[in-house]
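# Reading the structure
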Amino acid sequence: MSIIRPPAVAGTFYPADADILRSEIDGLIDAALHADVTQNEAIPKAIIVPHAGLMFSGSLAALGFATVRALKGQIKRILIIGPAHRMAFQGIALAKADGFATPLGTMRCDLLALQTALSLPQVSLPQVQMLDDAHKLEHGLEIELPFIQRLFGENTDIGIVPLLVSRCSPRQVNEVIEKLWGGPETLIVISSDLSHFH
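Our subject in this report is the structure included herewith. (Residues numbered from 1 in each chain as written. Predicted model: local features only at pLDDT ≥ 70, side-chain atom pairs only at ≥ 80, totals over all residues. Heavy atoms only, no water.)

### Points about the pairing of strand β5 (residues 99–102)
Operational definition: The rule is simple: take the accessible area with a 1.4 Å probe, protein chains only, and divide by the maximum for that residue type; under 20% is buried, over 50% is exposed, in between is partly exposed. In DSSP terms, a helix is any run of H or I states spanning at least four residues, a strand is any run of E spanning at least two, and both are numbered starting from the N terminus. Strands pair, by our definition, only if DSSP identifies at least two bridges between them.
Residues Gly-99 and Ala-101 of β5 are buried on one face, and the alternating residues Phe-100 and Thr-102, pointing to the opposite face, are buried as well. In the sheet, β5 pairs with strand β6 (residues 105–108) via four bridges, with the strands oriented antiparallel. In the strand pairing of β6, Thr-102 is matched with Gly-105. The antiparallel pairing of β5 with β6 creates a hairpin that spans two residues between the two strands.

Right, here's the structure in full:
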């Protein structure tokens, strides 16, 4: 039996209605594709995108995702890394889930990559751990999923690796990224607050 993490912020951070959500994401991506900043021929391995509500940061997130549109058909795994907002814990938290759902469907988790992250040496405190409670109400990773689904296909077989970061050093985060870096089949999405102070 599969364990699916249900959407926590559909209806608040983005529309809960699948048709409205498709229309909004498609409009944002279409506008981004016509922006000068997405006309660069270089395709990044990693992007940094904001995770506020769609109405606040959707256009900026779409600009980031538009830069990797050419990777459709090539990407098999996406690491999604972001800060924990709802609870503090030591290290990086994984969810005990086979998939993450949005109104557009369910994205499967790359269970092998999650096991690889868990296999990193634990020194005195956990570096990577299973912690469902950290993911339960978290918006920072979920808000990126509809962009991925619309850009790469709602029925895509891309595996996601949702990584929530709390109390840990940059070195620890770097170790996890290096371990899961992969080749051209892997995309890294850094979900960021960017700044609350502009």
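### Considerations on the side chain of Arg-77
Cut-off, in case you're wondering: Here a polar contact is taken to be a pair of N or O atoms separated by no more than 3.5 Å, where protein atoms must pair a possible hydrogen donor with a possible acceptor and residues adjacent in sequence count only if both atoms sit in side chains. Contact definition: two residues touch when any of their heavy atoms are within 4.5 Å.
Relative to the assigned elements, Arg-77 resides in strand β3 (residues 77–83). With relative accessibility at 15%, the residue Arg-77 sits in the buried group. Looking at Arg-77, its side chain comes within polar contact range of the side chain of Thr-186, at 3.0 Å. In this view, Arg-77 contacts Asp-110, Ala-113, Ile-158, Gly-159, Val-161, Leu-180, Trp-181, Gly-182, Glu-185, Thr-186 and Leu-187; residues no more than four positions away in its chain are not counted.

### Comments concerning the sheet that holds β3
How we decide: In this analysis an axis means a line fitted to C-alpha atoms, helices contributing only their contacting stretch, and an angle means the value between N-to-C directions, from 0 to 180 degrees.
Strand order in the open sheet formed by six strands is β2-β9-β3-β8-β4-β7, and the pairing between neighbours is mixed. The open sheet is flanked by β2 (46–50) and β7 (128–130), the only strands paired with a single partner. Ignoring which end each strand starts from, the neighbouring axes of this sheet average 25° apart. Of the strand pairs in this sheet, β3 and strand β9 (residues 186–192) are connected by five bridges, and their pairing is parallel. Considered in β9, the bridge of Leu-79 is made with Ile-188. Taken strand by strand, helix α2 (residues 54–66) contacts β2 and β9, and its axis lies near 175° from that of β2. Taken strand by strand, helix α5 (residues 145–152) contacts β3, β8 (159–165) and β9, and its axis lies near 160° from that of β3.

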